[in-house]
Amino acid sequence: MFKKVLIANRGEIARRIIRTCERLGIATVAVYSEADAEALHVKEATEAYCIGKPPVAQSYLNIDRILEVAKESGAEAVHPGYGLLSENANFAKACEAANLTFIGPSAAVIASMGSKLEARKTMKAAGVPIVEGVETAIKDADEAIEIAKTIGYPIMLKASAGGGGIGMQLVESEADLAQAFEGNQKRAASFFGEGTMYMERFIAEAHHIEVQIIADQHGTIVPLFERECSIQRRNQKVVEEAPSPFISAATRQKMLAASAKAVEHIGYVNAGTIEYLVDENENFYFLEMNTRLQVEHPVTEEITGLDLVEAQLIVAAGGKLPFTSATVEKNGHAIEVRIYAENPTTFFPSPGTITKLVLPTGEGIRNECGVYEGGTVTPFYDPMISKLIAWGETREVACECLVKALEAFVIEGIATNIPMLLKTVTHEAFLAGNTTTKFVDHYYLPQLQH
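Residues numbered from 1 in each chain as written. Predicted model: local features only at pLDDT ≥ 70, side-chain atom pairs only at ≥ 80, totals over all residues. Heavy atoms only, no water.

*Asks:* Sorry if this is basic, but what is going on with the sheet that holds strand E6 (residues 155–159) here?
*Replies:* Within a sheet, adjacent strands bond to each other through the backbone by hydrogen bonds, running parallel or antiparallel. Strand order in the open sheet formed by 3 strands is E7-E6-E8, with antiparallel pairing between adjacent strands. For this open sheet the edge positions go to strand E7 (169–171) and strand E8 (197–201), each flanked by a neighbour on one side alone. Pairwise comparison of adjacent strand axes, ignoring direction, gives a mean angle of 30° for this sheet. Here 3 bridges tie E6 to E7, and the two strands are oriented antiparallel to one another. Looking across to E7, one finds that Ile155 is bridged to Val171. (Pairing = 2+ DSSP bridges. Helix = DSSP H or I, 4+ residues; strand = E, 2+ residues; numbered from the N terminus. Axes fitted to C-alpha atoms, helices over the stretch in contact; angles between N-to-C directions.)

Quick look at the structure:
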C-alpha cells in the first residue's frame, strides 16, 4: 500500500479521501489555491501546499505545479477526486511519466471514454445498447438538419467533449436546430477546447440510472448495483439514490451484466460508472462513462458497507479486491441530496460568508461537507458545498430520515437550495418513485409560478 498520497482536489471530496487514508495509515498531501488557504481539507491533510491564485486555471488545473508538489512532498500516488483533472487523460499521462501512480484508469482508457462519440462506438462494439443517433462528428448546421430528418424530433444535441450539461440542448424542431447547433458548438469550443457535435434521439420521460463498477488488475470486475440519478436541474444531478425505485430485478441484472461486459471490453481498471437512459418500458441505453469516483458514491457505500476510496487505493497499488460480486450484497436504501450555495428559485450561485452552520446528526445520517461556520464560499469554484445522505432499511424510512435531516440542516449567510430539496423529497411523485429527468420541470418549477 502507498505511504503518501497527494489529493489533486478540494472541498468535501478531498476531506473524504483524507478520511480513508488516515484510517489506513497513509499520509496525505493537500493542494490549495490562495482562496482556499483556510479550507478544511488544508487543515486536515498531513501536509499542504499552495499551488496558485484562485482561478482554477492558475491552481487546481495547473498540472506542472501539482506534479512539482508531488515530487517535493515525496508522494507516491495522486488521487484526482472528481471534477477538475479527474478525467483529464493528459494529467493521468503526466503522472505516469513522473513515476506517480494515478489512482484511476489508464490515460488511454480515459481518453477513449472522454470523447462521447468514441465512447458510443466502443460501447456499441461491446454489445451495450446505445440510443439511435450518429457515430461521426457533424460538420455544420446544414448536415445536422439533414441527419435530424432521419432520426426524427425531438433530438438531443450534444458536444462530444461535453460535461455538466454544457454544449447539450434538447431541440424540438428544425426551426431551432441551426441556432442551437452553432451556439452549443461555440460554447463547447470555449469550455472544452473543441466543438465536435453529435446528436441522439431524445427519450421522453427517461430515467437516468447508472451502474457503479470497480475492477482490479487481476481480472476481477464487480458491478456494485445501480443508482437512480434522474432528478436534475440544468442537466446536473441534485438527488441520487440506491437502489433505483423504478427498474425491476430482471432489468437490474441485465444492466449489471452489460456494464461488466463493457468494462471487460475496454480493459478498465479502478472505479468507474456507466450511465444509462432508461425508457418507460425499462429499455436501457448507454449515455456515457465517468472514469472516476462519482459525487454520489456514498449511496453505494451505504447500501453495500464498502469504502470505495479504500477499494480504489487497493486496486491502484496492484492489490486484489477483497470482495467479488458473489460476496457483496445490497442492504437497505440510501438517498443523497447535493446542497448548493445557490438561489433555490433561479439556481444562480450564491457566494458569501457562512455565518451559521449546524449539520444534522442521528441514526442513518451521513454528512460530506466541505465548509465551516465563518468560512467563505467563493465564486471561483463549483457551488456544491455539501452532500447529505440518509440510509434506511426501506426507501420509505430513508425518505423520512432525509426530510428530518434537511429540516434540521442550518446554514445562514448564503442562499442554498435546501428549500428546493425539501419540496422535491416531500412531493408525492418523489415518494411514489416517479423520478424521471423531467421531475424538476413537471413538479418543482410550476410551484414557483404560484
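There is more to say, and it comes next.
*Asks:* Just to check I follow, could you spell out the state of the cysteines for this structure?
*Replies:* Covalent bonding between the sulfur atoms of two cysteines defines a disulfide. If you walk through the whole model with that rule in mind, you get 0 disulfides. A disulfide-free cysteine, Cys95 has its sulfur positioned 15 Å from the sulfur of Cys21, the nearest such atom. With a relative accessible area of 0%, Cys95 lands in the buried category. Lacking any disulfide linkage, Cys399 is separated from the closest cysteine sulfur, that of Cys401, by 10.0 Å. By relative accessible area, which is 6% here, Cys399 ends up buried. (Disulfide = S-S within 2.5 Å. Buried < 20%, exposed > 50% of the residue type's maximum accessible area, 1.4 Å probe, protein only.)

*Asks:* Would you mind going over the nonpolar core with me for this structure?
*Replies:* Across soluble globular proteins, nonpolar side chains have a tendency to be buried as a group. Among the nonpolar cores identified, the biggest contains 99 residues, and Ile214, Tyr276, Met289, Phe323 and Leu388 are the most heavily contacted of them. With residues near it in sequence (within four places) discarded, Met289 still touches Glu87, Met113, Met123, Val263, Ile266, Tyr268, Gly272, Thr273 and Ile274. Core analysis: the next-biggest nonpolar cluster, separate from the first, contains 28 residues, Ile63, Ile66, Leu67 and Leu100 among them. (Core = buried A, V, L, I, M, F, W, Y, C linked by side-chain atoms within 4.5 Å. Contact = heavy atoms within 4.5 Å.)

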